[in-house]
Amino acid sequence: MIKFLLMVNKQGQTRLSKYYERVDIGKRPFLEADVVKGCLSRKKEECSFVEYKDFKLVYRQYAALFIVVGISDTENELSIYEMVHNFVEVLDKYFSHSELDIMFNLDKVHIILDKMIQNGHIVETNKNRILAPLLALDQMSEPH
C-alpha cells in the first residue's frame, strides 16, 4: 500500500504532498524533512529503494524535482517505481512539466493523482483515461 507521495525540489522544499494513511498534521513536516534529507543525500549510483523506519521509500529524480513514495513492506518497489514514471509522463503530456507548472496548477496535479491512486492503491495507469477528466474540464472552460 502507498502511504504517501511527495514531490520536492533539490533544495528540499515540498511542492506536493499526498497522504493515503493518517499522519498528524504536526508530524508531517518532520516526516517530510527526514525522508527528503535521506533521499537527497544519496548518490545517483545508489539504489532508489530505501528502508525507512517501518516502511520503504521509492524515489526518482526528474530534472530539479524528486518524487518520493512511502510504501508498506509488502508493496512491490518496481511497480511503484514504474508508477512514478507513469505519473511524470502524464504530467509531461498535460503540462510542460516545470516546477512552476506544478506549483500553479496543484489542483490539476491532485486530480491526476486521484485518478491514478485511490486509498493507497494504484487504480489507473492508462494516460488517456487519467487525463480524460482534466481535458473535459478544459473543454468546458473554453469560451465558445
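Residues numbered from 1 in each chain as written. Predicted model: local features only at pLDDT ≥ 70, side-chain atom pairs only at ≥ 80, totals over all residues. Heavy atoms only, no water.

### Thoughts on the environment of Leu6
As a reminder of what qualifies: In DSSP terms, a helix is any run of H or I states spanning at least four residues, a strand is any run of E spanning at least two, and both are numbered starting from the N terminus. Here the term buried applies to any residue with accessible area under 20% of the maximum for its type, exposed to any over 50%, and partly exposed to those in between, with areas from a 1.4 Å probe on protein chains only. The contact rule is simple, with two residues in contact once any of their heavy atoms fall within 4.5 Å.
Here Leu6 shows up in strand β1 (residues 2–9). On the basis of relative accessible area, Leu6 is assigned to the buried category, the value being 1%. Taking the C-alpha atoms as reference, Leu6 lies 8.0 Å from Phe66; in sequence the two are 60 residues apart. The residues contacting Leu6, other than those within four sequence positions of it, are Leu16, Ser17, Tyr19, Glu32, Val35, Val36, Phe66, Ile67 and Val68.

### Some remarks on the environment of Glu82
One can find Glu82 in helix α2 (residues 77–94). We classify Glu82 as partly exposed; its relative accessible area is 47%. Separated by 43 residues in the primary sequence, Glu82 and Thr125 have C-alpha atoms spaced 9.9 Å apart.

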